[in-house]
Every structure is written in C-alpha cells, then in structure tokens.
Amino acid sequence: MSVLVNVEYEQPGSCTLSQAWARIPDEPSQTRRAELKAHIGAALQQQQAALVAHYYVHPDLQDLAESTGGLVADSLEMARFGKNHPAQTLVVAGVRFMGETAKILSPEKTVLMPNLEATCSLDLGCPLEAFGPFCDAHPQRQVVVYANTSAEVKARADWVVTSGCAVDIVAHLHQQGHKILWGPDKHLGRYVQQQTGADMLLWEGSCVVHEEFKAQELETLMRQYPEADVLVHPESPTGVIALADVVGSTSAILKAAQERSAHTFIVATDNGMMHRLRQQNPQKTFLEAPTAGSSATCRSCAHCPWMAMNGLENLLQELTTPTQFIRIDSELARRAQMPIQRMLDFTAARAQRTPGVGAASGLVPGIGAA
Ligand code: 13P
Ligand code: SF4
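Residues numbered from 1 in each chain as written. Chains lettered and ligands numbered in written order. Predicted model: local features only at pLDDT ≥ 70, side-chain atom pairs only at ≥ 80, totals over all residues. Heavy atoms only, no water.

Chemist: Explain the packing of helix α12 (residues 250-259) against helix α13 (residues 273-280) residue by residue, including any values.
Modeler: Orientation of α12 relative to α13, taken along the N-to-C sense of each, is 30 degrees, at an axis distance of 10 Å. In terms of orientation, α12 and α13 fall into the roughly parallel class. For the pair α12 and α13, the crossing hand works out as right-handed. Facing α12, whose interface residues are Thr 250, Ile 253, Leu 254, Ala 257 and Gln 258, α13 presents Met 273, Arg 276, Leu 277 and Gln 280. (Axes fitted to C-alpha atoms, helices over the stretch in contact; angles between N-to-C directions. Helix = DSSP H or I, 4+ residues; strand = E, 2+ residues; numbered from the N terminus. Parallel < 35°, antiparallel > 145°, perpendicular 65-115°, else oblique. Left-handed = near helix turned anticlockwise from the far one by under 90°. Contact = heavy atoms within 4.5 Å.)

Chemist: Describe α13, naming the residues involved and giving the relevant values.
Modeler: Of the residues making up α13, those classed as buried are Met 273, Met 274, Arg 276 and Leu 277. Across the axial projection of α13, the buried residues extend over an arc of 165 degrees, all falling on one side. Buried residues along α13 sit in contact with α2 (59-67), β4 (71-73), α12, β13 (264-268) and β14 (285-288). (Buried < 20%, exposed > 50% of the residue type's maximum accessible area, 1.4 Å probe, protein only. Arc of directions from axis to C-beta.)

Chemist: Account for the pairing of β14, with residues named and values stated.
Modeler: Where β13 lies against β14, four bridges are found, and the strand directions are parallel. Bridge assignment links Val 267 to a residue of β14, and that residue is Glu 288. (Pairing = 2+ DSSP bridges.)

Chemist: Tell me about the packing of aromatic side chains, residues and numbers included.
Modeler: By the definition in use, this model includes five aromatic pairs. On the basis of an interplanar angle of 90 degrees and a centroid distance of 5.4 Å, the ring pair of Phe 131 and Trp 203 is categorised as edge-to-face. Here Phe 131 is found in helix α6 (residues 128-136), whereas its partner Trp 203 is found in the loop between β10 (200-202) and α10 (215-224), with 72 residues between them in sequence. For the pair Phe 131 and Trp 203, a shared accessibility class is recorded, and that class is buried. Measuring from ring centre to ring centre gives 5.4 Å for Phe 134 and Trp 203, while their planes differ by 50 degrees; the resulting arrangement is tilted. Residue Phe 134 is located in helix α6, and its partner Trp 203 is located in the loop between β10 and α10; the two are separated by 69 residues in the primary sequence. Owing to a relative accessible area of 10%, Trp 203 belongs among the buried residues under this scheme. Here a set of aromatic residues connected by ring pairs shows up, and it is made of Phe 131, Phe 134 and Trp 203. The lysine or arginine in question, Arg 353, covers the ring of Phe 346, its NZ or CZ lying 5.8 Å from the ring centre. (Phe/Tyr/Trp six-rings, centres within 6.5 Å; stacked < 30°, edge-to-face > 60°. Lys NZ or Arg CZ within 6 Å of the ring centre and 35° of its normal.)

The structure is reproduced here in structure tokens:
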C-alpha cells in the first residue's frame with residue numbers, strides 16, 4: 001500500500017507547471033517496524049551489502065544504515081563512501097541521482113534502491129535535450145552541474161559539484177579565468193555567484209522543498225526567538241539565505257549545530273534532518289523554518305516527496321527479491337565519471353590542504369558562516 005502524492009515542479013524554459021508522482025509508502029506498525037528492521041539487518045549481513053542513506057530519508061532507514069555499518073550522509077559523502085566501501089552490493093536509500101552516482105563510480109558493484117522512481121525536481125527540470133543545446137550555445141564556458149542531475153547531464157559537464165563543495169570549485173575555476181555555465185539549481189547558483197564573484201550563466205531549476213521556505217515568515221519567527229541561530233541549505237531562495245547565520249550542505253548544517261554555542265536553531269532544509277540534529281544535540285532545540293504563509297501551497301511540508309518513497313517494506317523487498325537495479329550504459333558511465341571524479345579529487349586535495357576538514361565533511365570555507 002502507498003499514498004500517491006502529486007508533486008508539481010517548474011519546467012524551466014516553458015515556465016509551466018508539470019507534475020510528477022511520488023508514491024509514499026504507508027508507515028508500518030511499531031511491531032512490524034521492529035520485525036522489518038531485524039530482517040533487513042540480517043539480509044544486509046548475509047549478502048555483505050552496505051546501506052547508504054541520505055539525511056532526508058525516514059529516521060528508521062537512517063538508524064539502520066548506521067547500525068549495520070553503512071552510512072547516513074550528504075550526497076558528497078554518499079558518493080565517496082560507496083566507491084571506497086568493500087561491499088559488492090550497495091543499497092542506496094535516497095533519490096535516483098544518488099544511486100546513479102554510486103553506480104557510475106563503482107560500475108562493478110550491484111547498486112539497488114528501494115524505489116527507482118524516487119527522483120528530484122532538479123533532475124526532472126534539467127533534461128539533456130534542453131540543457132545540451134544551452135551548453136552548446138556557450139562553448140567557451142565551463143559546464144558545472146549540481147550532483148542532482150541525470151547521468152546524461154553529468155556526462156555533458158566539465159565538473160560535478162554538491163552543495164558541500166560548489167563554492168570552492170567555482171572559486172577555483174574563477175581564479176583560473178573561466179566563465180561558468182551552471183545548472184540546474186538557480187538559488188544555489190546565485191549563492192555561489194555571490195560568494196565567488198564568478199561570471200555564471202544559470203539554468204532555471206529549483207528544489208520543490210527548499211523553494212517553499214519563506215523569508216518574511218522566517219523574520220517573524222526570528223523575532224520570536226532572537227537567541228536562535230538560523231541554518232540554511234543553499235537551495236533555499238535568496239531572501240532566506242540572506243537571513244542565515246550559516247549557509248551550507250546538510251553536513252555543514254549538522255556540524256554548525258554541534259559547534260555553535262547557540263541552544264536554539266531555526267533550520268531551513270528538509271525536515272528529515274531533524275532526526276539527526278536532535279539525536280546529536282539532545283540538549284538543544286531545533287525549529288523548522290516556516291514554509292507556510294500567504295503563498296504556501298500543498299508542497300509546503302518541508303519534506304521531499306521522493307526521499308519519502310524509501311521505506312522499510314520496499315527496502316526489505318529489494319534485499320529478498322531485487323528488481324530496482326541501477327543500470328547505466330558503460331560508455332555513458334565512463335563519460336559521467338570524469339566530472340564526478342574531478343570533484344572527488346578536488347575535495348580530497350582540499351581536505352589535505354585544510355587539516356581538520358574531512359574530504360567528505362561538506363564543510364566548505366566560504367559556504368560556512370554567511
Ligand atoms: P546535500 O548535497 O546537501 O546532501 O543535498 C542534496 C539534496 O538533494 C538537497 O536537497
Ligand atoms: Fe531534489 Fe529537493 Fe528532494 Fe533534494 S529535497 S532530492 S533537491 S527535490
């Protein structure tokens with residue numbers, strides 16, 4: 001059983017609203033959840049498979065990933081972990097681009113997802129048929145794409161970045177005198193442009209979740225909690241980013257919550273993050289940044305409908321009778337691998353230059369304190 005959720009997203013270029021379907025699994029009962037977790041743990045062990053989960057998926061999946069020797073992480077850490085882990089089977093609880101990145105980096109491994117239809121509005125809004133001609137029209141620019149894209153779009157790019165390394169990589173390209181063509185997230189692109197001063201042409205994509213955070217309502221909440229620090233993911237609108245104490249990837253947000261002296265935080269990112277934030281900081285208070293307000297829509301729940309397609313039942317099903325394999329044509333994977341590997345090499349070198357900053361920590365000088 002699952003609930004069908006109708007997700008609208010903006011189709012760049014035509015400015016019309018298109019629709020996608022997200023199938024959200026029903027929440028199992030408490031007893032069933034315990035049973036499922038035990039079966040999944042045993043199946044992972046028996047198959048020597050590693051579960052890699054994003055911070056936005058259901059808390060049960062995050063906890064399972066951690067307790068079974070897998071990983072719960074941001075998209076940069078997920079990519080690196082899958083490649084370096086000895087497991088021959090990777091089970092990726094997240095959205096499709098994360099599974100594809102894992103397969104591109106480890107073509108010899110089996111990569112499974114609970115549901116291959118879990119996608120992302122940024123990926124949906126940046127098809128190669130439209131993005132390719134945009135790149136072709138600006139051949140003198142370095143094409144930098146966010147990891148939230150298809151394998152085809154990555155293969156067309158010079159660089160892949162995540163929110164954990166975008167500022168550093170674009171700053172590096174800018175220093176080398178390059179102009180940038182950026183896709184797909186316009187808010188992250190604008191933020192990177194502001195931080196680096198690079199000449200950037202932006203694609204018109206956006207995230208259905210982060211786009212809904214409201215600056216005006218956030219200001220009202222900030223007045224109610226003047227002592228609170230505001231932590232914002234850079235896929236949020238410019239007006240929300242402008243109010244942040246810290247702007248950063250999911251990992252950077254977690255690190256800031258642990259390291260900053262504030263006891264109350266207002267957090268503008270998918271509310272799947274609240275689980276980890278509260279687990280790591282039981283003595284601190286975390287408030288969700290507002291998505292409601294006069295322009296709120298049915299999408300304004302601060303939770304990614306595609307991340308929500310990952311559940312315990314479909315995860316166990318994939319471990320017992322797998323059908324949701326990531327498959328990527330080998331020549332396409334070879335081309336997509338190059339710009340991803342550039343990102344991984346860059347972040348590894350950065351970690352060596354900046355002791356204390358893990359290669360995959362998502363902590364980026366310049367994308368930290370705003
Ligand atoms: P991170 O790169 O911070 O994990 O973000 C991925 C994502 O999809 C955010 O919406
Ligand atoms: Fe994509 Fe937004 Fe969902 Fe992240 S939260 S996967 S950017 S739709």
